[in-house]
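Chain and residue survey
Below are the chains, spelled out letter by letter.
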Amino acid sequence: SGIPVKERVKVSQNWRHGRCRRETVLKWKCEQVTSFSSSLLLPWMELDGEYLYLSQAENIHAYRLCPDGAGLQRHPQAIFSGHQEDVCRFVLVNSHIVSGGGDGSIVLHKIHGSYSVKFSAHEQEVSCVDFQGGLIVSGSRDRTAKVWSLSADRVGQCLHTVQTEDRVWSIAISPLLSSFVTGTACCGHPSPLRIWDLESGQLLTCLGTDFHCGAGVLDMFYETPSLLLSCGYDTYIRYWDIRASTRKCVQEWEEPHDSALYCIRSDKNYMMASGSAYYGVVRLWDKRQTRCLQSFHLSSPTSSPVYCLRFSTTHLYVALASALRVLDFTA
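Residues numbered from 1 in each chain as written. Predicted model: local features only at pLDDT ≥ 70, side-chain atom pairs only at ≥ 80, totals over all residues. Heavy atoms only, no water.

1. Remarks on the overall build of the chain
What counts here: Secondary structure is summarised from DSSP: a helix means a run of H or I of at least four residues, a strand means a run of E of at least two, and numbering begins at the N terminus for each. As a reference, a globule follows 2.2 Å times the number of residues to the power 0.38, and the radius of gyration itself is taken over C-alpha atoms. Between buried and exposed lies partly exposed: a residue is buried under 20% and exposed over 50% of the maximum accessible area for its type, with that area taken using a 1.4 Å probe on protein chains only. In this analysis, two residues are considered to be in contact whenever any of their non-hydrogen atoms come within 4.5 Å of each other. Neither His nor the chain termini are counted; the positive set is Lys and Arg, and the negative set is Asp and Glu. We put the charge of a Lys on NZ, of an Arg on CZ, of an Asp on CG and of a Glu on CD.
Assigned secondary structure in the chain consists of one helix and 28 strands. The globule rule puts the C-alpha radius of gyration for 331 residues at 20 Å, and the 19 Å found for the chain is close to it. In terms of overall dimensions, the chain has a C-alpha envelope of 50 × 45 × 40 Å along the principal axes. In the chain, buried positions account for 58% of the 331 residues. Within the chain, contacts between residues separated by at least 24 positions form 47% of all contacts whose residues are at least 6 apart in sequence. The average position of the 32 basic charges and that of the 32 acidic charges among the side chains of the chain differ by 7 Å.

See below:
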C-alpha cells in the first residue's frame, strides 16, 4: 500500500514479463553446505521486514536489507548458533527463530535478546520444523514427527510422537492451530501428505491417492486454514482445498522439464514461485493459467538446486548451493 500506483503498475508488469536486475549478493564455499548424502534442503532462509535470515553451516545469519532495495548488507548484523552440525531448516515466528539441525536437536532463539533454549529432539537429523501457538512440530530422518511444548514449565517436553513410517521432509502447523501436516518420502507409506491432530497426535486424514513410490513432498505452504500448496519429487505443484476434498487436489501444475521441485511460495493470491532441482531454475506461476509465466536460470557455471526462495513485493531471493542471488523487479 505504500507504493505509488504508477510504480505498482511498473513493478507488476516487470514480474509478468520477467524484467529484472540480477545480482549475486552473497557467496560461500560449497563445503559450508551439508552434503547431499546428509541433507537435500540446505541452505534455508526467511524474510522479515528489514532482515533476511540465512542458514550457513551450523549458524543462522541475519542480514539487514538495504533501505533503497539494492540488495543487502554483506556482513551479518547477528549470528544465531547452538547446533553442532548444519542447520537443516528453521522458521521465524513472532521474533523467535526455531531451528532443527543435523545433530538431532532443536534450538529456540529470541531475536531481540540473549534467550535461547536447546534440547535433543530426534535420534537422527531434524529435517523440518514449524512453530505456532507455543508449540513446535518437528520431522526427522528417523521416521517420526513430534510435538513439543514451549510453555514455561514444560519447555522442550515431547507431547506426542507420531510414527510416520517414512522420512519426514516437510512439516507445517495449520493456521487454526488444530492440526499439522507432514510431507514424507513416500517410500514406506503410500501417502506422502497426512494431517494429524495437534492435541492428540492422531491421524485425521490423508491427502490424495495413487502416489508413485518416491513422490516425496519437499515443501508445503499454508495460504489459509483450508488451502495448502505442496511440491516435491514427482515434479508437480498441487493446490489442496481441504473443504472440497481430501482425495483430489483442486489444481495442479507440472514442472515442464520434469525436475523435482524443492521449494514453493505464494503471495496468497494468484502468484506462485517454485524452485527446481537443476540449474537454479525458478519459475513464476499464475494460478489462473496452466503454464508458467516466466522462468529464470540462476545457476552458472555449475548446476545447483534452488534450496529455498522468498519474495517481497519488489524482490525475489534465491538460495543456491554456493550463493544467494536477488532479482530486483523495480528496474
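We are not done yet, so read on.
2. Describing the sheet that holds strand β13 (residues 157-163)
The following threshold applies: When DSSP locates at least two bridges between a pair of strands, those strands are taken to pair. Between N-to-C directions, angles cover 0 to 180 degrees, with each direction set by a line fitted to C-alpha atoms, over the stretch in contact for helices.
Read from one edge of the open sheet, four strands run β10-β11-β12-β13, paired in antiparallel fashion. Lying at the two open borders of the sheet, with one neighbouring strand each, are β10 (126-132) and β13. Sheet twist, expressed as the mean angle between neighbouring strand axes with direction ignored, is 20°. Strand direction decides the pairing type here: strand β11 (residues 135-140) and strand β12 (residues 144-149), joined by five bridges, are antiparallel. The residue bridging G139 from the neighbouring strand is A145, located in β12.

3. Considering unusual backbone geometry
Its identity is not glycine, yet A57 carries a phi of approximately 55°, on the positive side. With a relative accessible area of 18%, A57 lands in the buried category. Even without being glycine, L177 reaches a positive phi, approximately 60°. For L177, the position within the fold is in the loop between β14 (168-173) and β15 (179-184). What makes L177 partly exposed here is its relative accessible area of 41%.

4. Quick look at the UniProt feature "repeat: WD" (unreviewed entry) in the chain
Rules: UniProt positions are given in the numbering used here, feature names are shortened, and annotations may be inferred rather than shown by experiment.
Here the UniProt feature "repeat: WD" (unreviewed entry) sits at residues 119-151. Taken end to end, residues 119-151 comprises 0% helix and 64% strand; its first and last C-alpha atoms sit 14 Å apart.

5. Re the packing of aromatic side chains
Note the following rule: When the centres of two rings from Phe, Tyr and Trp lie within 6.5 Å, Trp using its six-membered ring, the rings pair. Their planes under 30 degrees apart give stacked, over 60 give edge-to-face, and anything left gives tilted. Think of it as a cone above the ring: NZ of Lys or CZ of Arg counts as a charge over the ring if it is within 6 Å of the ring centre and within 35 degrees of the ring normal.
Evaluated as defined, the whole model comprises 10 aromatic pairs. For the pair Y278 and Y279, a centre-to-centre distance of 6.4 Å together with 45° between the ring planes defines the contact as tilted. The exposure class assigned to Y279 is exposed, which follows from its relative accessible area of 52%. Aromatic ring contacts, followed pair by pair, group W15, F296, F311 and F329 into a single cluster. Just above the ring of W169 sits the side chain of R167; from NZ or CZ to the centre is 4.0 Å. Looking at R288, its charged tip hangs above the ring of Y270, at a distance of 3.9 Å from the centre.

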